[in-house]
Amino acid sequence: MTRPVLLPAAAGLAAVALGVGAGELAAALFAPNGSPVTSVGGAAIDLAPPWAKEFMIAVFGTGDKAALLTLIGLLVAVIGGLAGVVEHRRPPLGRSIIGLGALLGLLAAVTRAGSGVLDALPSVVAGVAATIALTLLLRVLPVPATARGAGAAERGGRASASAPAAPPARRDLDRRRFLAWAGGSAAVGVLAAAGGFAIQAGSRVATAVRETIKLPTPVTSAPPVPAGAELGIDGLAPVVTPNEVFYRIDTALAVPRVNPADWSLAITGLVDTPFTLGWDELLALPMTEHATTLMCVSNPVGGDLIGNAVWLGYPIRELLRRAGPQSGADMVLSRSVDGWTASTPLEVLLDDDRECLLAIGMNGQPLPAEHGFPVRMVVPGLYGYVSATKWVTEMKLTRFADETAYWTDRGWSPRGPVKLQSRIDVPATNAELPAGEVVVAGVAWQQHVGVAGVEVQVDGGAWRPAELAEAISDDTWVQWRYVWEASPGDHILRCRAISATGEVQTGDVQGVIPDGATGWAPRLVTVS
Ligand SMILES: Nc1nc2c(c(=O)[nH]1)N[C@H]1C(S)=C(S)[C@@H](COP(=O)(O)O)O[C@H]1N2
Ligand SMILES: [Mo]
């Protein structure tokens, strides 16, 4: 009786080990909050009655978390073994058990505070991997001679009366092959899980450190946001974008988790005295606070890959001066911990009248991991792809003629000054409105140049001036509103900005490649 239970159970155990390992690795790489094991553990802690918690702490002390994880491991092992045996006898019942287990992990992961849809992924990966592994392992399960004969043969060669289905040598080979596959699957699972936990341990350290950081008080504070900068219209982008909704663009599949203690910035290349700056040294420098609107060159006309934040950091020009740029250098090639690069004109970074920051703070918080923690660059007036390097670790002075950056190698322009643009936020696309006074509102920007006016056009008619809100500065976008006397029918609204230098936003349509989109975004509404 041993073999028909033991080997399928082993198959189930190995399959589940592989699944859990794959799930943990997927979590570490794509969804740090979606680890099935950690989520189930967290849910268990949340749901456990007080006496159970007290019992765990009383028995295991500070090892209570490790004990809980061991308990979960044992539970998973039991479920795996059971699934193997059941699947062997009555497929697909065992696979259903695995599916239920994965569903449990998924539910635990997506119901945790601050979780997102992506947090479901690791549990799905775990479930799919375990199911496939179980199916394949059961296929290579050695066929017993007979239910009893096999066990008897094992115990001493007293062959049973019914003849074996396969010769013993063959059965032995089958068994070894099965054990190799099962053992291999389990080993891969354990390795993947260990790898996942190791990666997450690093990220947990960075996250924990981030939470303890107290940002230094700026020596030069940003002036308070003027009361008149925020029109407070429903549906209009707030003048300062909260970190949680700030757009995110980067090439990093997994958000780099950098521990400030391990962070440094090297200033290299065409400089007299190259040097390296550490986190503590950076924190000790006099900090500047400045509001800058950041925008992606891939933002289509009317798009929302733009946000405005108050950044805290140290002026990059001071660092560059300390290194002493050599004549001939005209570009700073900044590099991120993940290898991504940006090419920024040196003269922009050295400009005394432009607050180019090596930023550590965003809207009063340490930079969120997604936005470059611990240190990034922020440059007013240039698109992000040539200036806003997140997780920055190197600034190399070089020449545009000698080197190219990540996006330049992919067809984008080496320099990326932002273009004059504006957007309608309110009313919403295809809104149905009652006739009469309708508030049209939006934002307009040309960072570091400034916006002097916005005009609105209805159905291709005359351009009429909108009211501008107070700007925080020329480095930020500005809100605007226009009161429109709407008559029944379908209408097309457009807006255009006028810059502080008198440039009028062009209606010529250009796509985002190679240096930013232009045109006027139409907004269709129906008035009745
Ligand atoms: N390391 C790194 N930094 C990067 C990028 C990137 O891919 N990797 N993308 C850049 C681009 S294209 C933009 S638009 C801005 C976006 O910054 P955000 O994600 O904080 O909004 O970051 C820039 N910095
Ligand atoms: Mo971008």
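Residues numbered from 1 in each chain as written. Chains lettered and ligands numbered in written order. Predicted model: local features only at pLDDT ≥ 70, side-chain atom pairs only at ≥ 80, totals over all residues. Heavy atoms only, no water.

## Things to note about the overall build of the chain
The number of helices and strands found in the chain is 11 helices and 19 strands. Against the globule reference of 24 Å for 528 residues, the chain gives a C-alpha radius of gyration of 31 Å, more extended than a compact globule. With respect to the three principal axes, the spread of C-alpha positions in the chain is 100 × 70 × 50 Å. In the chain, which comprises 528 residues, the share counted as buried stands at 48%. Contacts spanning at least 24 positions in sequence make up 74% of the contacts within the chain whose residues lie at least 6 apart. Side chains of the chain give 39 positive and 47 negative charges; the mean places of these two sets differ by 18 Å. (Helix = DSSP H or I, 4+ residues; strand = E, 2+ residues; numbered from the N terminus. Rg over C-alpha atoms; globule rule 2.2 N^0.38 Å. Buried < 20%, exposed > 50% of the residue type's maximum accessible area, 1.4 Å probe, protein only. Contact = heavy atoms within 4.5 Å. Lys, Arg positive; Asp, Glu negative; His and termini not counted. Charge placed at Lys NZ, Arg CZ, Asp CG, Glu CD.)

## Thoughts on the domain arrangement of the chain
It is common to give the size of an interface as the accessible area that goes away when the parts come together. Domain annotation for the chain reports domain 1 (6-203), domain 2 (227-410) and domain 3 (421-527). Look at where the C-alpha atoms of domain 1 and domain 2 centre, and you get two points 45 Å apart. (Domains from an automatic or database assignment.)

## A word on the sheet that holds strand S1 (residues 264-269)
The sheet built from 5 strands is open, its strands ordered S2-S1-S10-S5-S6 with mixed pairing. Every other strand in the sheet has two partners, leaving strand S2 (275-278) and strand S6 (341-345) as the edge strands with one partner each. Taken over all neighbouring pairs, the strand axes of this sheet differ in orientation by 20 degrees on average, direction set aside. The pairing of strand S5 (residues 331-336) with strand S10 (residues 392-398) spans 6 bridges and is classified as antiparallel. Residue pairing in the sheet places Arg335 in a bridge with Glu394 of S10. Here helix H10 (residues 316-323) sits on the sheet in contact with S1, S2, S5 and S10, set at roughly 145 degrees to S2. (Pairing = 2+ DSSP bridges. Axes fitted to C-alpha atoms, helices over the stretch in contact; angles between N-to-C directions.)

## Regarding the environment of Asn33
Relative to the helices and strands, Asn33 is located in the loop between helix H1 (2-30) and helix H2 (36-47). A residue is classified by how much of its surface remains accessible, and Asn33, at 46% relative accessible area, is partly exposed. Between the C-alpha atoms of Asn33 and Val110, which are 77 residues apart in sequence, the distance is 8.8 Å.

## Quick look at the pairing of S5
S5 sits mainly inside the fold: 5 of its 6 residues count as buried. In sequence, S5 turns back onto S6 through a hairpin of 4 residues, with Gly339 there showing a positive phi of about 90 degrees.

## Some words on the packing of H2 against helix H5 (residues 93-110)
Where H2 contacts H5, the axes come no closer than 8 Å and their chain directions differ by 70 degrees. Put simply, H2 runs roughly perpendicular to H5. Relative to H5, the crossing made by H2 is left-handed. Residues Ser39, Val40 and Ala43 of H2 pack against Leu104, Gly105, Ala108 and Ala109 of H5. (Parallel < 35°, antiparallel > 145°, perpendicular 65-115°, else oblique. Left-handed = near helix turned anticlockwise from the far one by under 90°.)

## Considering unusual backbone geometry
Residues Phe373 and Pro374 are joined by a peptide bond in cis, for which omega reads 5 degrees. Within the fold, Pro374 resides in the loop between strand S8 (365-366) and strand S9 (376-378). Here the residue pair Ile513 and Pro514 is connected by a cis peptide bond, since its omega of 5 degrees sits within 30 degrees of zero. Of note, Pro514 is situated in the loop between strand S18 (489-499) and strand S19 (523-527). Phi angles above zero are rare outside glycine, and Asn430 is one such case at about 60 degrees. If you check the backbone angles, Asp459 has positive phi at about 50 degrees while not being a glycine. Its place among the elements puts Asp459 in the loop between strand S14 (451-458) and strand S15 (463-465).

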